[in-house]
Amino acid sequence: MADPYFANVVLLVGNDNAPDGTTTFVDQSTSAKTVTGAGNVQYDTSSAPTGMTSSILCDGTGDFLTSADSTDWDYGAGDFTIEFTVNYSALSLTTLYSQDGGAAVFAPLLWSVSFGGAGRIRIFASSTGSSWDIFNSVQTDGGVAMPTGAWVHFALVRSGTTWYQWRNGVLDWTASAAGTLMSSTNAMGLINDFQGGGGGLNGRYVSYRVTTGVARYTEPFTPSALPYELGVTAPVADFSMTPLSGTAPLSSVGTDLSTNTPTSWLWEKNDGSGWVNFDTGSTDQNPTETFTAGTWSVRLTATNAGGADTETKTD
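Just so it is clear, the structure is predicted and the values come from calculations on it, not from any experiment.

S.K.: Kindly report on the overall build of the chain, identifying the contributing residues and their values.
M.R.: Helices and strands together make up the secondary structure of the chain, namely zero helices and 23 strands. A globule of 315 residues ought to have a C-alpha radius of gyration of about 20 Å, yet the chain, at 25 Å, is considerably larger. C-alpha extents for the chain along the principal axes are approximately 80 × 45 × 35 Å. Of all 315 residues assigned to the chain, the portion counted as buried reaches 47%. The long-range share in the chain, meaning contacts at least 24 apart out of those at least 6 apart in sequence, stands at 62%.

Shown next as structure tokens:
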């Protein structure tokens, strides 16, 4: 099933099973940002989670990815979901998402592993740029440290004023906090070193996805299969009419049988003099139409964000 929120995805990196040794990192989102590697970060095929053939390998000595500042990183007070699947070889002080710019500044969002203890996970968030007024080193791991040698899906979600941290679809932490995340001009760092400390992830990750305006996970869930689907697949239109014959005027019910989750419908009919919309409910999913005497053809056009398809049944 294609991603119904793909139009809201503003970054999707490490989702493409690139060949071993690749040092070009493609953003598969619709905004197609430039992503730049530091150190000797590269794709590696020696280990990857189920569904993937390669992962982004970092050796813990300054390997990370960055993307230039963008209005897409200005979350304000809106919903968002930041997620990825990661495997630590050894615990190291890393930021999982940050616009700290490589200096000790109050980034708009800084989600940290091993800050204040081995494997501890903490969140920092500022609305002012001068203090951590939303979250200040709040431990979010539920008392369970980050593991090593295992693939883990992580997600940080904000829905309204409620924040969630999920690990493999299980809730680690939730809290209520209002506040508009500050806008920064710094580049965004993906699983970066901590405020220019020169370390960073000692391990690997895949499918780093940022979705704005959507809180994907507010209840326990099973993480989606990898790699993540791209876009929305256009419908394949199909329908039935019941009954197909009888004494005029005949009332017949149209039933939408289209696949790939259409979001809008247009029903039309033709008695040989040209196509016209149904008299009533022409944009309903399952309309009832009254046919006058004669032989009629019917067609349905089913549409979603991925496109449209038309099915015609004659006579």
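S.K.: I'd like a description of the pattern of salt bridges, backed by residues and values.
M.R.: Taken as a whole and judged by the stated rule, the model has 13 salt bridges. Across the pair Asp3 and Arg209 runs a salt bridge, and its minimum N-O distance is 3.6 Å. Taken together, the residues Asp3 in the segment before strand S1 (9–13) and Arg209 in strand S16 (residues 202–212) connect sequence positions 206 residues apart. Looking at Asp3, the relative accessible area reads 6%, which means it is buried. For Arg209, a relative accessible area of 3% gives the class buried. When the shortest N-O distance is used, the salt bridge between Arg120 and Asp141 registers 2.7 Å. Taken as a pair, Arg120 in the loop between strand S9 (109–113) and strand S10 (121–125) and Asp141 in the loop between strand S11 (135–139) and strand S12 (152–159) lie far apart in primary sequence, 21 residues in all. Assigned by exposure class, Arg120 and Asp141 land together as buried. If you follow the salt bridges from partner to partner, you end up with Asp3, Glu83, Arg209 and Arg216 in one network.

S.K.: So what about the layout of surface pockets? Which residues, and what values?
M.R.: Of the pockets and cavities examined, the largest pocket occupies roughly 390 Å³. Along the walls of the largest pocket sit 20 residues, with Leu244, Ser245, Leu250, Trp296 and Asp315 positioned nearest its centre. Counting only elements with at least two residues in the lining of the largest pocket, the list comes to strand S17 (239–242) and strand S18 (250–256). Its residues assigned to classes, the lining of the largest pocket comprises 10 nonpolar, eight polar and two charged.

S.K.: Pulling in residues and values, what's your account of the packing of aromatic side chains?
M.R.: If you walk through the whole model with that rule in mind, you get 17 aromatic pairs. In this structure an aromatic cluster arises from ring pairing among Tyr75, Phe80, Tyr97, Phe135, Trp163 and Trp173. Geometry around Phe291 places Lys269 over its ring, the cationic atom sitting 5.4 Å from the centre. The residue whose ring lies beneath Lys313 is Phe239, and the NZ or CZ to ring-centre distance is 5.2 Å.

S.K.: So, the environment of Gly231: which residues are in play, and what are the values?
M.R.: Note on placement: Gly231 falls in the loop between S16 and S17. Accessibility expressed as a relative area gives 13% for Gly231, which makes it buried. When the C-alpha atoms of Gly231 and Thr30 are compared, they prove to be 8.7 Å apart, with 201 residues separating the residues in sequence. In this structure, Gly231 is in contact with Ala2, Asp3 and Phe6, ignoring residues within four places of it in sequence.

S.K.: Could you give an account of the sheet that holds strand S22 (residues 297–304), with specific residues and numbers?
M.R.: Sheet strands pair via backbone hydrogen bonds, and the direction of the pair is either parallel or antiparallel. An order of S20-S19-S22-S23 is seen for the four strands of this open sheet, with the pairing classed as antiparallel. In this open sheet, the two strands that pair with only one neighbour each are strand S20 (276–277) and strand S23 (307–313). Where S22 lies against S23, seven bridges are found, and the strand directions are antiparallel. Bridge pairing in S23 links Thr301 to Thr310.

S.K.: Help me get a handle on the side chain of Ser29, residues and values and all.
M.R.: Turning to its location among the elements, Ser29 is positioned in the loop between strand S2 (25–26) and strand S3 (34–38). One polar contact links the side chain of Ser29 to the main-chain carbonyl oxygen of Val10, over a distance of 3.4 Å. Residues in contact with Ser29, not counting those within four places in the same chain, are Phe6, Val9, Val10, Leu11 and Leu12.

S.K.: Tell me about the pairing of S12, and name the residues and values.
M.R.: In terms of burial, S12 is largely enclosed, as seven of its eight residues are buried. Where S12 and strand S13 (residues 162–167) come together, six bridges link them in antiparallel fashion. By the bridge assignment for S13, Arg158 is matched with Trp163. Linkage of S12 to S13, two consecutive antiparallel strands, is achieved through a turn of two residues, within which Gly160 is found at a positive phi near 65°.

About the cut-offs
- Residues numbered from 1 in each chain as written.
- Predicted model: local features only at pLDDT ≥ 70, side-chain atom pairs only at ≥ 80, totals over all residues.
- Heavy atoms only, no water.
- Helix = DSSP H or I, 4+ residues; strand = E, 2+ residues; numbered from the N terminus.
- Rg over C-alpha atoms; globule rule 2.2 N^0.38 Å.
- Buried < 20%, exposed > 50% of the residue type's maximum accessible area, 1.4 Å probe, protein only.
- Contact = heavy atoms within 4.5 Å.
- Salt bridge = Lys/Arg side-chain N within 4 Å of Asp/Glu carboxyl O.
- 1 Å grid on protein atoms, 1.4 Å probe; cavity = no way out; pocket = protein on both sides within 12 Å on 5 of 7 lines; lining within 4 Å.
- Points joined across faces, edges and corners; volume = space filled by probe spheres on them.
- Nonpolar A, V, L, I, M, F, W, Y, C, P; charged D, E, K, R; others polar.
- Phe/Tyr/Trp six-rings, centres within 6.5 Å; stacked < 30°, edge-to-face > 60°.
- Lys NZ or Arg CZ within 6 Å of the ring centre and 35° of its normal.
- Pairing = 2+ DSSP bridges.
- Polar contact = N/O pair within 3.5 Å; in protein donor to acceptor, adjacent residues only side chain to side chain.

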